[in-house]
Amino acid sequence: MQASWSSRLQRSWQQRPILHRDGVSLQEAWLLRKLQQALNGDSLQIDGLSLLSRDSTLHLTAHHPLAARLTLHFDFLPVDWNSRQICLRYQVQGEAISPSTTRRVLGGLLLGVLEGAFGHKALQQLTKPLDWLTLEQDVAMIDLTRLPALQPWLDYPLLGKPVSERIVIRALETSPGQLRIYLGRPQALSD
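Analysis parameters
Residue positions are given per chain, counted from 1 along the sequence in the order it is written. The model is predicted, so local features are restricted to residues of pLDDT at least 70 and side-chain atom pairs to those at 80 or more, both for listing and for counting; the totals for chains, interfaces and linings are taken over all residues. Where side-chain values are given, they derive from all heavy atoms of the structure, hydrogens and water being excluded. As used in this record, nonpolar core signifies buried Ala, Val, Leu, Ile, Met, Phe, Trp, Tyr and Cys residues forming a set joined through side-chain atoms within 4.5 Å. Exposed residues in this analysis have more than 50% of their type's maximum accessible area, buried residues have under 20%, and partly exposed residues fall in between, with area computed by a 1.4 Å probe over protein chains only. By definition in these notes, contact holds between two residues if any of their heavy atoms fall within 4.5 Å. Put simply, DSSP marks the helices as runs of H or I at least four residues long and the strands as runs of E at least two long, and each gets a number from the N terminus on. Whenever a nitrogen or oxygen atom comes within 3.5 Å of another N or O atom, the pair is scored as a polar contact, on the condition that within protein one atom can donate a hydrogen and the other can accept it, and that pairs from neighbouring residues in sequence are kept only if both atoms are in side chains. What makes a salt bridge here is a side-chain nitrogen of Lys or Arg within 4 Å of a carboxyl oxygen of Asp or Glu, nothing more. By the convention used here, strands pair only if DSSP detects at least 2 bridges between them. Axis angles are defined between N-to-C directions and span 0 to 180 degrees, where every axis is a line fitted to C-alpha atoms and, for a helix, only to the segment in contact.

Trainee: Tell me about the nonpolar core, and please be specific about residues and values.
Mentor: Membership of the largest hydrophobic core comes to 37 residues, with the highest contact counts inside it found for Leu-70, Tyr-90, Ile-142, Leu-144 and Ile-169. When sequence neighbours within four positions are dropped, the list of residues in contact with Leu-144 reads Trp-81, Arg-84, Ile-86, Leu-150, Gln-151, Leu-154 and Ile-169.

Laid out in structure tokens, this is it:
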């Protein structure tokens, strides 16, 4: 009992965010846990996250509008802090998982459409409850001002101004097993 408690504590300590002089690193396992807590529900389940230098992946299971395993390949785009948005380029691949052969075939056809030009509408329907996420063809935009977990930090007063006016996100990069967030002061962006 004691060994399992101490091993869980050690794993938790190793997965915590790491502060750097110019930002913070978020570990893959910690991010996965936070995504699962925020997004898992009746129609969507986050199964896995793989952060790499290029072509990171998010694995999920959609139960509605059709039962399917989806893989989102993504890369972060340059940050536009003035609009308080983080953008990433993504591509979706899917596989129908219904136990019925007929449903799997129909699901496969629908997924073929999902991966094509018409799939954008289906993805928008799946993410409609997430008012902080906007999808435009192959670009996803996360509005930080609408992200519930981040809102208190953006508005937190620091020397008479909100933190979001004193500290900006300069860049986001992925590397094996972690997301690196580079922070700076607003005037440092113009350098």
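Trainee: Outline the side chain of Arg-180, supporting the account with residue identities and numerical values.
Mentor: Among the secondary structure elements, Arg-180 is positioned in strand E12 (residues 178-184). Of the polar contacts made by the side chain of Arg-180, one reaches the side chain of Asp-22; its length is 2.7 Å. Apart from the residues lying within four places of it in its own chain, the contact partners of Arg-180 are His-20, Asp-22, Gly-23, Val-24, Ser-25, Ala-171, Leu-172 and Glu-173.

Trainee: Just give me the short version of the pattern of salt bridges, but keep the residues and values in it.
Mentor: Across all of its chains, the model carries three salt bridges by this definition. For Asp-22, the salt bridge is made with Arg-180, and the minimal N-O distance between the two is 2.7 Å. Placement of Asp-22 in the loop between strand E1 (18-20) and strand E2 (23-27) and of Arg-180 in strand E12 is noted, with a sequence separation of 158 residues between them. Take Asp-22: its relative accessible area is 23%, and that puts it in the partly exposed class. You can call Arg-180 buried: its relative accessible area is 12%. A salt bridge links Asp-138 to Arg-89, with the nearest nitrogen and oxygen atoms 3.1 Å apart. In this pair, Asp-138 sits in the loop between strand E7 (133-136) and strand E8 (139-143) while Arg-89 sits in strand E6 (residues 85-96), placing the two residues 49 residues apart along the sequence.

Trainee: How would you summarise the sheet that holds strand E11 (residues 168-175) if you had to cite specific residues and measurements?
Mentor: Neighbouring strands of a sheet are bound in pairs by backbone hydrogen bonds; such pairs are parallel or else antiparallel. The strand order E1-E2-E12-E11 describes an open sheet built from four strands, whose pairing is antiparallel. On the outer flanks of this sheet lie E1 and E11, each paired with one strand and no other. Neighbour to neighbour, the strand axes of the sheet diverge by 20 degrees on average, direction disregarded. In this sheet, E12 lies alongside E2 in antiparallel orientation, the contact comprising five bridges. For Val-24, the partnering residue across the bridge sits in E12 and is Ile-181. Strands E2 and E12 of the sheet are contacted by helix H2 (residues 28-39), whose axis makes an angle of about 75 degrees with E2.

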